[in-house]
Structure formats: structure tokens, C-alpha cells
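Per-entry structural report
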Amino acid sequence: MGKLSRRNMLKAGGALGALGALGVASPAQAHSLWTWSPQGSVAGAGAGLDPRWVWDEEADSLVASVIDRGEVPRVNELLRTWTKNGQPLPAGLPADLRDFMERARQLPSWTDQRKLATVVEFNQKRGLYLGLLYGLASGMMSTVIPKEALAVYYSQGGADMKDRISKTAKLGYDIMSQTAYQPDGEMIVTCVKTRLVHAAVRHLLPQSPYWSEVAEEEIPISQRDMMVTWHSLPTTVMQKLTTWKVPIPAAESAAFLHSWQLCAHMLGIKDEYIPASWTEANTQAGQVLNPVLAPTAEGIKLADILLNLGSSVDGAILSKPVLGAFTRFMLGDEIAAWLKIPREPVWDPLLKVSWKPFIAVREGLLPFPLAPEAYWLFDEFLRKAALLFLSEARPISIEIPDSNRPS
Ligand code: HEM
């Protein structure tokens, strides 16, 4: 009944699409009116429609037809050989898909190669923090973004989460690589393949009886959902680095944003929804990310899988309790409670008291540690966690799904 009424509420407001587009709030979405102005975007202008009702028309209809034509296995086989940005597309792809991919792989006119050179320095200097933050802050946050948790859980990849985490970690790894968007890098390939995967999910998930029962929306992964997830990545990471007082020169901060703006564009997000500055990003995140965070049964299961990742690698320093304590420290008590993460009598207070001084020492802002043991412990943790999350991105191919999770 509960589930039914949730879906029905949206259906009843099918007209909502139109109302939403006109900026009229329904009771169900009153908390999340879209008022963010396209003037703050990389495009600098736009229609200002609520991206909740915008998907990826071109990719969506094309991939739906590739699936319906039964061409997914052959396309995946061909695309396994396409790994480098500068590499020609493999021969033998369906003509309509090839045409689309040729267009989709082009970087936008606003690509700034100087910023891309600067971000290499930033990623090198900050790689350890970034590995930890992508894995624990962004990764764990994704489990309390209900629409994402449900989509991930009930899609084909949800049945093998370890494999899925590797594929997702590949994007974090590729964007941090020295050559990310250069011809010998892999980020463009990863983004274009992911764009196809998302289009496939939009076609497939509505056919899943499990997802349809719990989901609010008729079609998953709207452009608004995409921006929500985007904010769980660079916006959240930059907010944490700022809170920890990690010194970041303005040029590096702008370069880091740029590498993620390009990622958004290459994933098919329209330029009018991509924030042009961190101020705009923080404003948009306050509107779309913070209000949607909530627990779901599926998200709790996904979080548990993430928290168990470390145990097999190094039972001691990356054990589940330590990763749990770190999640609580970064995302707060409320989210920790949603995810049923127990309190840790040693690690919780230690992180609260010593993490910021540890960063200050690491950054040369404080003289060498008052508490050397905590310093070395944290440093080891940082290295192991970065290694763990980034090493998940073992050579792996992102593939278009042609079915949902079986049960
Ligand atoms: C697949 C990244 C937004 C749901 C993927 C993959 C990557 C990725 C790298 C390929 C890995 C794989 O096949 O498992 C991103 C990024 C996003 C974003 C960077 C935003 C900036 C979203 C959103 C949703 C979502 C908003 C749902 C609301 C999924 C699902 C899959 C997927 C269901 C496919 C899993 C399968 O193969 O069954 N995404 N994603 N993603 N993503 Fe996203």
C-alpha cells in the first residue's frame, strides 16, 4: 500500500512533469523545487527546466534499440577492445551507434588544456586524500541516495557488487590518471561507455518488477539524479578538503572542478546543469543533494558490502569497524545510524580529536606530532585506504547490461 501510494502519487502528478517544468511544486516535491539558474552553469544560459524531467534523449532511444535488436553481446565484445581516448572505434559496430559515439567522444569547446595540465599536479599531490574520499565519502554517500541505491541494487550489476565497485572505481582511477583526457588516457572512453550503460538502465529498470515496486519514478537516472551523484563526488570531496584545511591553491581548485565538469559533459549531462564555479556547485548541492539523503534497505546492504571490502585485504587497519568509524566521522552520526554502523569507543573519539591535527602536521602547518602513534596510524590508514579503493579499479571493461538483476 505504502509503495503503491508512493508510485501513484507520482503518477497522479504525471502532469507533474509539466508542472515541474513550469516551476510549480507538488506536495511530493515541495522540498526540492528546482530554482538553480542556468546562468551559473558552464553554458551560462539555458531554459532552466527542472532536470528531473530531462534524461538523455539521443542515447536513450538509440541504446534501447540496440538492446531490442539483440546486439548488446556483440557490441560489448567489440567495445572491450576500445580502451584509449585516441583509439579509433572498432570496426563492425552498428552504424547508428558508431555515429553517436563519434559525436559523444568529442570534448566540448570549453575544454581548457591548461587546467587539465594543472589538475595533474593536484591529483599527484592529493592522491592519497582523494582515494580515501572517493571511496569512503562519495562511495558511502551513494548508499544513502535512495534513487541511486535502488537503481544500483536492482540493475544487472547489483547481483555482483564487487565487480560493480571495480567498474565504478575505474572512473575515479581514470580521472586521476596523468593522461585522463589525453589521447593515451582512458577517461573519455570510460565516460562514453558509462553514458551507454546509463541509457541501457533507463530502458531496462522499468521492466524490473522489483524496482518498479519500490521506485518513485517511472524512468531512472534523470539529469537531476546525475547531478545529485556528481555532487557526492567532487563537491563533497572539495568540501571535506576545505573542512580539513588542506591548503589548495586557487588554480588547482579550479582545475579539479574543470576535470569533473568535463566528466559531467562526457556523461551526457547538459551544460546548462553543470555548475561553473564551486560557489554555484555548493548552492546546487544544497538544493538537490542534501534534501534527498535517506536510508533504504537496499542502500544498507550496499554500504555493508563497501565496509567489508577492507577486511579481506588487511584485517587490522582497514577492518570493518575502522572503515565504519571513518564513515561516521566524515558523514556524521545521522547517516551512520541510517547505515546501522555501530559506535567505536576507540576510533570514534580518536578521529574526532586527532584527524585535523594529523592533517595539519602532514601539510607542514603544525610541528611534528604531539601524538606520534596516532600520526603513524592515520598515515598508514590513509595509504591503505587509498590503495584499497583505487586498486579496486583493476583492468576491467565497462559493459552495457541487457537485463536486470534476476531477483
Ligand atoms: C553504471 C558512474 C550517476 C546508476 C555506472 C558506471 C559508472 C558510473 C562508472 C559503470 C560501472 C558499471 O557498469 O557498473 C556514474 C557517475 C554518475 C552516475 C560518475 C554521476 C556523475 C548515476 C545515477 C544513477 C546511476 C544518478 C541512478 C540513479 C547506475 C547503474 C549502473 C551504473 C544502475 C549500471 C549497473 C549495471 O551494470 O547493472 N555509473 N554514475 N548512476 N550507474 Fe552510474
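Our subject is the structure listed above.
Here is what the cut-offs are and how they apply
- Residues numbered from 1 in each chain as written.
- Predicted model: local features only at pLDDT ≥ 70, side-chain atom pairs only at ≥ 80, totals over all residues.
- Heavy atoms only, no water.
- 1 Å grid on protein atoms, 1.4 Å probe; cavity = no way out; pocket = protein on both sides within 12 Å on 5 of 7 lines; lining within 4 Å.
- Points joined across faces, edges and corners; volume = space filled by probe spheres on them.
- Helix = DSSP H or I, 4+ residues; strand = E, 2+ residues; numbered from the N terminus.
- Nonpolar A, V, L, I, M, F, W, Y, C, P; charged D, E, K, R; others polar.
- Phe/Tyr/Trp six-rings, centres within 6.5 Å; stacked < 30°, edge-to-face > 60°.
- Buried < 20%, exposed > 50% of the residue type's maximum accessible area, 1.4 Å probe, protein only.
- Contact = heavy atoms within 4.5 Å.
- Near = heavy atom within 4 Å.
- Polar contact = N/O pair within 3.5 Å; in protein donor to acceptor, adjacent residues only side chain to side chain.
- Core = buried A, V, L, I, M, F, W, Y, C linked by side-chain atoms within 4.5 Å.
- Domains from an automatic or database assignment.

1. Let's talk about the layout of surface pockets
- In this model, the second largest pocket occupies a volume close to 320 Å³.
- Considering the residues around the second largest pocket, the lining is formed by 21 residues, among which K170, D174, E186, P395 and I396 are closest to the centre.
- Of all the secondary-structure elements, those providing two or more residues to the lining of the second largest pocket are α8 (161-176) and α9 (187-204).
- Of the residues assigned to the lining of the second largest pocket, the class counts are seven nonpolar, six polar and eight charged.

2. Some thoughts on the packing of aromatic side chains
- Here the structure, examined in full by the defined rule, presents 18 aromatic pairs.
- Residues W347 and F381 carry aromatic rings whose centres are separated by 6.3 Å and whose planes lie at 50° to one another, so their mutual orientation is tilted. With W347 in helix α17 (residues 347-362) and F381 in helix α18 (residues 372-391), this residue pair connects regions lying 34 residues apart in the sequence. The pair formed by W347 and F381 is uniform in burial state, with each residue classed as buried.
- Plain terms: the ring middles of W355 and F378 are 5.1 Å apart, the flat faces sit at 65° to each other, and that makes the pair edge-to-face. Here the residue W355 occupies a position in helix α17, and F378 occupies one in helix α18, the gap between them amounting to 23 residues. A single burial state applies to W355 and to F378, both of which are buried.
- One aromatic cluster in this structure is built from Y129, W244, F326, F329, W347, W355, F358, F378 and F381.

3. As for helix α13 (residues 278-288)
- For α13, the set of buried residues is W278, A281, Q284, A285, Q287 and V288.
- Summarising the contacts, the buried residues of α13 are in contact with α11 (223-243) and α12 (250-266).

4. Considering the site of the ligand
- With respect to spatial proximity, 21 residues lie near the ligand, and among them S155, Q156, G157, R164 and H198 are the closest.
- Note that an oxygen atom of the ligand is positioned 3.0 Å from one of the side-chain N or O atoms of S155.
- Note that an oxygen atom of the ligand is positioned 2.6 Å from one of the backbone N or O atoms of G157.
- Only α7 (146-154), α8, α9 and α11 provide two or more residues apiece to the shell around the ligand.
- Along the lines of polarity and charge, the residues of the shell around the ligand split into ten nonpolar, six polar and five charged.

5. Topic: the nonpolar core
- Among the nonpolar cores identified, the biggest contains 122 residues, and M101, F256, W355 and F381 are the most heavily contacted of them.
- With twelve residues, the single largest contributor to this core is helix α6 (residues 113-142).
- Both domains that furnish three or more residues to this core are identified here as domain 1 (74-85 + 96-292) and domain 2 (297-391).
- With residues up to four places along the chain from it excluded, the contact list for F256 reads V119, F122, N123, L130, Y134, P234, V237, M238 and W278.

6. Some points on the environment of S222
- Along the polypeptide, S222 turns up in the loop between α10 (209-214) and α11.
- Here the alpha-carbon distance between S222 and I269, two residues 47 residues apart in the chain, equals 9.3 Å.
- With residues near it in sequence (within four places) discarded, S222 still touches P51, R52, V54 and W55.

7. Concerning unusual backbone geometry
- If you check the backbone angles, K245 has positive phi at about 60° while not being a glycine.
- Turning to its location among the elements, K245 is positioned in the loop between α11 and α12.

8. Re the side chain of Q284
- Of note, Q284 is situated in helix α13.
- In this structure Q284 comes out as buried when scored by relative accessible area, which is 0%.
- Apart from the residues lying within four places of it in its own chain, the contact partners of Q284 are W34, W36, M227, H231, Y273, P275 and L289.

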